[in-house]
Amino acid sequence: MVWCSSRHSEAAGIGVNWGTMASHRLPNKTVVQMLRANGISKVKLFDADPGVMESFRGTDMELMIAIPNEMLELVATLPAAARNWVRRNVTRYRTAKNGVKIKYVAVGNEPFLKAYNGSYDNLAYPALKNVQDALVSAGLGESIKATIPLNGDVLSNGDSTLPSGGIFRPDIAPQVLKVVEALAEHNAPFVINVYPFLSLQQDPHFPRDFAFFDGTDFPLVDGNLSYTNVFDASYDLLVAALTKAGYSNMTIIIGEIGWPTDGDINANVANAVRFNQAFIRHVLQSGTPLRRPPLEAYLFSLLDEDQKTISPGNFERHWGIFGYDGKAKYRLDLQGSGNATANLVNASSVKYLPRQWCVLDPSGDIARLGNNMDYACSHSDCTSIVPGSSCDGMGSDAKASYAFNSYYQLYDQLNTSCYFDGLATITKTSPSSGTCQFKIQIATTNSSASRSYEPNCELPPGAIPPAAASRLAAPP
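Quantities reported herein were computed from a predicted structural model and do not represent experimental measurements. (Residues numbered from 1 in each chain as written. Predicted model: local features only at pLDDT ≥ 70, side-chain atom pairs only at ≥ 80, totals over all residues. Heavy atoms only, no water.)

Description of the overall build of the protein chain
So, step 1. Check the secondary structure of the protein chain and you find twelve helices and 15 strands.
So, step 2. Against the globule reference of 23 Å for 476 residues, the protein chain gives a C-alpha radius of gyration of 24 Å, in line with a compact fold.
So, step 3. Dimensions of the protein chain, computed from C-alpha atoms along their principal axes, come out at roughly 80 × 55 × 45 Å.
So, step 4. When each of the 476 residues of the protein chain is scored for burial, the buried share is 53%.
So, step 5. Residue pairs in contact within the protein chain that sit at least 24 positions apart in sequence constitute 72% of those at least 6 positions apart.
So, step 6. Surface exposure of the protein chain reaches about 20,500 Å², of which carbon and sulfur atoms provide 51%.
So, step 7. Looking at the protein chain, you have 39 positive and 44 negative side-chain charges, and the mean spots of the two groups are 8 Å apart. (Helix = DSSP H or I, 4+ residues; strand = E, 2+ residues; numbered from the N terminus. Rg over C-alpha atoms; globule rule 2.2 N^0.38 Å. Buried < 20%, exposed > 50% of the residue type's maximum accessible area, 1.4 Å probe, protein only. Contact = heavy atoms within 4.5 Å. Areas by Shrake-Rupley, 256 points an atom, 1.4 Å probe, with all protein chains shown as cover. Lys, Arg positive; Asp, Glu negative; His and termini not counted. Charge placed at Lys NZ, Arg CZ, Asp CG, Glu CD.)

Considering the nonpolar core
So, step 1. In this structure, W18, F168 and F279 are the most contacted members of the largest nonpolar core, which totals 107 residues.
So, step 2. Of all the elements, helix α8 (residues 230-244) adds the most residues to this core, at nine residues.
So, step 3. Excluding residues within four positions of it along the chain, F168 makes contact with V154, L155, A173, V176, L177, V180, F190, L238, A241 and L242.
So, step 4. If you look at the next biggest cluster of nonpolar residues, it comprises 28 residues, including Y375, Y408, Y411 and F420. (Core = buried A, V, L, I, M, F, W, Y, C linked by side-chain atoms within 4.5 Å.)

Concerning the pattern of salt bridges
So, step 1. Under the definition given, this model contains 15 salt bridges.
So, step 2. The shortest N-O distance in the salt bridge between R274 and D214 comes to 2.5 Å. Of this pair, R274 sits in helix α9 (residues 269-286) while D214 sits in the loop between α7 (196-202) and β10 (220-222), and the two are 60 residues apart along the sequence.
So, step 3. Judged by relative accessible area, R274 falls into the partly exposed class, the value being 30%. (Salt bridge = Lys/Arg side-chain N within 4 Å of Asp/Glu carboxyl O.)

This is how it looks when you write it as structure tokens:
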């Protein structure tokens, strides 16, 4: 095996992505305590939310904070806007007492993604340049680097089917190469998001064993190198593209990688354990045919997020190694030491709403069930009852109960959110069964769903009518 060296290998290791697209968020301090309890020292964020940033004061955790894509035009066209963003979101935290250890600024997220139809293609490089210049002007250019997390679709094999044929996608190659040149100028890393799960999920003919790290009877042979998994092939495809561009030693960080646990036939706990544990060991101990270990990577993701769009698939809300409430979904050794007893540490002191659920009342008018289920699922998270998911094996009545309860918990167990044309009732007996778990929502002030309905406002179809609500409120 011939390895190419890369810079900053001492900074390699496993971090996590912390996304916050949840209806009920754990308190920021609770999450940071959970990170510390699990020995996680590298965290990648998708913005620079002040509350989240403040929660990292006085810790030694390395952060990658981000500028959202919707701000790229502003910072690309106005250097003063980039300086202002750096002042408000970097300098104020980095230079203050008990400061925050910001290491990277992600300028956008996957701006060259094909799905964006070129919207950000000509903004990525000038935005990156302006932000890095702003960091330099603030005296932070040596300690904090600007970069751009890119999707694997920026790469192509060209006319080859092998990793060694790696090039940047011809339609965006000029823009990407300008980004690479800027990264090299400031000794910044190339950040790439790699998703073997999607390779398997999107292609029914994709070889299943090639998505994991258990070996294969049909390795991909590329000259004197042999590839037994799609991660190595994808990573070295990038190494080849960078080498052809003249940057063979550029540091590479895996910005996002992971495996979801629900919402698809391939998304389950068993596969998530199989992939994530082997991936951690692989990048820390084995490396790829072209890059020696350890490699730096951020697992996607820390927590489930029930408000993420499901346009890519129902699995999008189930990437967390922890559930929405900070409970570990499975055993995982983040150090890759092979310790069979290693486990994740749950979030502490989490408060829940009362142990009660909204379920189907079979005595109701079942003819109205379809419309009410559709309404519940259009407003809440029903991704666990789709085909191939954890609750797929439940009967239709149980699925209706799941939908009603999902809505009920989203709206903080309001009595008015468990009616559904008289089809629903509240129970204190858990309807959970096997892999199908009916949630009890956490009690938090960070709810994005909680709201009160004014008397003159139209009530949603799932809510109890005003007359019945008044009866509920009246003393016996």
